[in-house]
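Read off the chains here:
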Amino acid sequence: MANDQFGKKVQTQSNKEVFFISDFTNLDIKKVVISDVIILDYSNKEGCSGFLNQIRSSFVESIYLTPVFILSINEEIDSFTMSLSDGTVHSLQEEAFIGPFQAIEQRIRQLQSTNNQDQEIKILNKILRFYYTRQSRMKPVISAVSHTGYSFPLLSLHYQNVNTEEKFAVLDKLVNKEFFRPRYEDLVHLCNNCYSGFLNYREVCPKCDTSDLYTENLIHHFVCAHVAPESDFISGDQMVCSKCNRMLRHIGVDYDKPSLIYTCNNCGHHFQESIMQALCMSCESVHSVDSLLERKIYNYELTALGEESAIGGLVPTEKQDSEMAGFIGFSTFNIFLKYEIERIKNSGKTSSAGSLSLRTPAALSNSLGVKYNTVVTEVSEFIKNATLATDILTFINSNTFLIISPDNDKFRLESLLNNIRPVVQKLIDSNIDEANIVVKIKAENIDSTKNHNDLINSLLTNNGVG
Ligand SMILES: [Zn+2]
Ligand SMILES: [Zn+2]
Ligand SMILES: [Zn+2]
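Residues numbered from 1 in each chain as written. Chains lettered and ligands numbered in written order. Predicted model: local features only at pLDDT ≥ 70, side-chain atom pairs only at ≥ 80, totals over all residues. Heavy atoms only, no water.

Q: Would you mind showing me how to read the domain arrangement of the protein here?
A: How large an interface is tends to be reported as the accessible area lost when its parts come together. One can read the domain layout of the protein as domain 1 (206-273) and domain 2 (320-460). For domain 1 and domain 2, the distance between their C-alpha centres works out to 75 Å. (Domains from an automatic or database assignment.)

Structure representation (structure tokens):
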């Protein structure tokens, strides 16, 4: 039975629904929806992290995006729990959390409603929206229970260790789609069978593969050129050469130790080059070190495109904007832009890039549904015909057209977009009466002062002529 009591209501000046929870038995997760802020008591560690995990595991936006703070007086909070929370507080005073809470709440209000059943898209959306509303990087935490040694807590709630490959695929997808910019943190070596990083490295005998080896110095006697393991020279407390019977006194004068020699305790084989192997402690398979997987671990920062996508919400691929004739996908557009920047550097000509965006009030494009899509199709038809045949077009986030105009400067593109803008506005206004969608444009020169990321960022933060 779920508990009727949902923690203890905290009185605040702002009349927000703030709940402090210290009893974690039988809590009803649905009650999270009615809270503006939740504060969890860390003096019950398991209860606290368990309930926080439950909140962040939800796919209901009004549950997983809820600001959650942790009350801890002296204790240090484990990094996994910390990373899923919105910070620590030392008291229940409103001043302790009101600042971060308001920042998160304001961002949550910008999000447009999305509705899709595709599991992977739900996870991508969630990651984008969580880190967008928190204004923070997605950072890995070191974790002994994570298979790879590193964990991305929010992602880990949806993938078990056996799904490490899928988890990596999600991270790579977020980068390939340019939603996140990766920053290097570490390099890990993983089992190529199960992706575990819990590996036992050891040297083995090249003949029988056992790791039960005995190592000693190899001795080189200068006078007679005899080379043998150190034990062959030991005679009582002296060293005597077994080939020429002379005494070895001074290292560097009589002899030296050029390297190590291994002796296998299992088969008696002597050798100088052992083989390095790794035993996976998770799946018990044995690997040569060369065959281990190398994986770079990054932390991730949202790009401007990532932020836009967080606000608008992702849609399944089959509905993606790039499907329209005459338009290319955003990743291809990015490649064109990179090439254009290089070409401009060499040719000394001027090209430009621009954006035309339909500023849709939050939650509107979704409620309009088919109507909106029909207008967008008309608008894109018009834009395709109004631009030059050499212009390169893409449409992203269901609201923004991006254009590369080779060999035309910013002013020419701007005036072209200025001519297009009122027509597009009219198309929208005459088709959707109540819409109040504002069309904005912006143009930038493509030159060596901006890389493609900066350019896209600038075009997407479109406060241009509207
Ligand atoms: Zn051996
Ligand atoms: Zn000798
Ligand atoms: Zn393994």
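Q: So what exactly am I meant to see when it comes to the sheet that holds strand S4 (residues 68-71) here?
A: Backbone-to-backbone hydrogen bonds join strands into a sheet, with any given pair of strands oriented parallel or antiparallel. Taking strand neighbours across the sheet as the criterion, the five strands line up as S1-S2-S3-S4-S5 in an open arrangement whose pairing is mixed. Edge positions in the sheet fall to strand S1 (8-10) and strand S5 (88-89), since each of these pairs with one other strand and no more. Judged from the four bridges that link them, strand S2 (residues 18-21) and strand S3 (residues 37-41) form a sheet pairing that is parallel. Each bridged residue has a counterpart across the sheet, and for Val18 the counterpart in S3 is Val37. (Pairing = 2+ DSSP bridges. Helix = DSSP H or I, 4+ residues; strand = E, 2+ residues; numbered from the N terminus.)

Q: Is there a simple way to think about the coordination of the zinc ion (ligand 3) in this case?
A: Ideal values differ by geometry: the angle at a metal is 109.5 degrees with four tetrahedral donors, but 90 or 180 degrees with six octahedral donors. Coordination of the zinc ion (ligand 3) by the protein comes from Cys191 (SG), Cys194 (SG), Cys280 (SG) and Cys283 (SG), over a distance range of 2.3 to 2.4 Å. For the zinc ion (ligand 3), the four donor atoms are set out with angles of 106 to 113° between them, so the coordination reads as tetrahedral. Each donor residue of the zinc ion (ligand 3) belongs to the same chain, and together they define the spacing C-x2-C-x85-C-x2-C. Of this pair, Cys194 sits in the loop between strand S8 (180-190) and strand S9 (199-204) while Cys280 is found in strand S16 (residues 275-280), placing the two residues 86 residues apart along the sequence. Classification of Cys280 by relative accessible area gives buried; the value is 1%. (Donors = N, O, S within 2.8 Å, 3.2 Å for Na, K, Ca; no water. Tetrahedral: all angles 85-135°; square planar, octahedral: opposite > 155°, others 65-115°. Buried < 20%, exposed > 50% of the residue type's maximum accessible area, 1.4 Å probe, protein only.)

Q: Sorry, what's going on with a nonpolar patch on the surface here?
A: Together, Val33, Ile34 and Val60 give the surface a local cluster of nonpolar side chains, amounting to about 240 Å² of exposed area. Residue position: Ile34 is located in the loop between S2 and S3. What makes Ile34 partly exposed here is its relative accessible area of 48%. (Patch = residues over 30% accessible without salt bridge, like charges linked within 9 Å, V, L, I, M, F, W, Y side chains within 5 Å. Areas by Shrake-Rupley, 256 points an atom, 1.4 Å probe, with all protein chains shown as cover. Salt bridge = Lys/Arg side-chain N within 4 Å of Asp/Glu carboxyl O.)

Q: Where do I start with the packing of aromatic side chains in this structure?
A: Here the distance between the centres and the angle between the planes together describe a pair of aromatic rings. Applying the stated criterion to the full structure yields 14 aromatic pairs. Note on Phe69 and Phe97: the rings are 5.9 Å apart at their centroids and 35° apart in plane angle, and the pair reads as tilted. One end of the pair, Phe69, is in strand S4; the other, Phe97, is in the loop between S5 and helix H4 (98-110), and 28 residues separate them in sequence. Its relative accessible area of 1% is what places Phe69 among the buried residues. (Phe/Tyr/Trp six-rings, centres within 6.5 Å; stacked < 30°, edge-to-face > 60°.)

Q: How should I be thinking about the environment of His269 in this particular structure?
A: Within the secondary structure, His269 is located in the loop between strand S14 (255-264) and strand S15 (270-271). Residues His269 and Gly313, 44 residues apart in the sequence, show an inter-C-alpha distance of 64 Å. Not counting residues within four places of it along the chain, the set of residues in contact with His269 comprises Cys205, Pro206, Lys207, Tyr262, Thr263 and Cys264. (Contact = heavy atoms within 4.5 Å.)

Q: Explain the pairing of strand S19 (residues 351-359) to me, please; I cannot follow it from the model alone.
A: Regular strands place side chains that alternate from one sheet face to the opposite one. Among the nine residues of S19, eight are classified as buried, and the element is accordingly described as predominantly covered. The pairing of S19 with strand S22 (residues 438-446) spans nine bridges and is antiparallel. From the neighbouring strand, Ser355 faces S22, where its bridge partner is Lys442. Two elements, S19 and strand S21 (residues 400-405), share six bridges in a ladder whose sense is antiparallel. Counted as the bridge partner of Ser355 is Leu402 from S21.

Q: Would you explain the nonpolar core in this entry?
A: A general trend in soluble globular proteins is that nonpolar side chains are found buried together. Counting 68 residues, the largest nonpolar core has Leu40, Phe51, Ile127, Met138, Leu174 and Phe180 as its most contacted members. It is helix H5 (residues 119-134) that provides the largest number of residues to this core, a total of eight residues. Not counting chain neighbours up to four residues away, the residues in contact with Leu40 comprise Phe20, Ile21, Phe24, Cys48, Phe51, Leu52, Val68, Phe69, Ile70 and Leu71. Counting 24 residues, the second largest nonpolar core, distinct from the first, contains Leu358, Phe401, Leu427 and Ile432. (Core = buried A, V, L, I, M, F, W, Y, C linked by side-chain atoms within 4.5 Å.)

Q: What exactly am I supposed to notice about the coordination of the zinc ion (ligand 2) here?
A: The protein atoms donating to the zinc ion (ligand 2) are His221 (ND1), Cys224 (SG), Cys241 (SG) and Cys244 (SG), with metal-donor distances spanning 2.1 to 2.3 Å. Each of the four donor atoms bound to the zinc ion (ligand 2) contributes to angles spanning 102 to 120°, and the resulting shape is tetrahedral. Within one chain, the residues serving as donors to the zinc ion (ligand 2) are arranged as H-x2-C-x16-C-x2-C. Overall, Cys241 belongs to the buried group, its relative accessible area being 0%. Cys244 sits in the partly exposed class, given a relative accessible area of 23%.

Q: How should the side chain of Ser143 be read in this particular structure?
A: Looking at the secondary structure, you find Ser143 in the loop between strand S6 (141-142) and strand S7 (150-151). At a separation of 3.3 Å, a polar atom in the side chain of Ser143 contacts the main-chain amide nitrogen of Val145. One polar contact links the side chain of Ser143 to the main-chain amide nitrogen of Ser146, over a distance of 3.0 Å. Discounting residues that sit within four places of it in the chain, Ser143 has contacts with Gly149, Tyr150 and Ser151. (Polar contact = N/O pair within 3.5 Å; in protein donor to acceptor, adjacent residues only side chain to side chain.)

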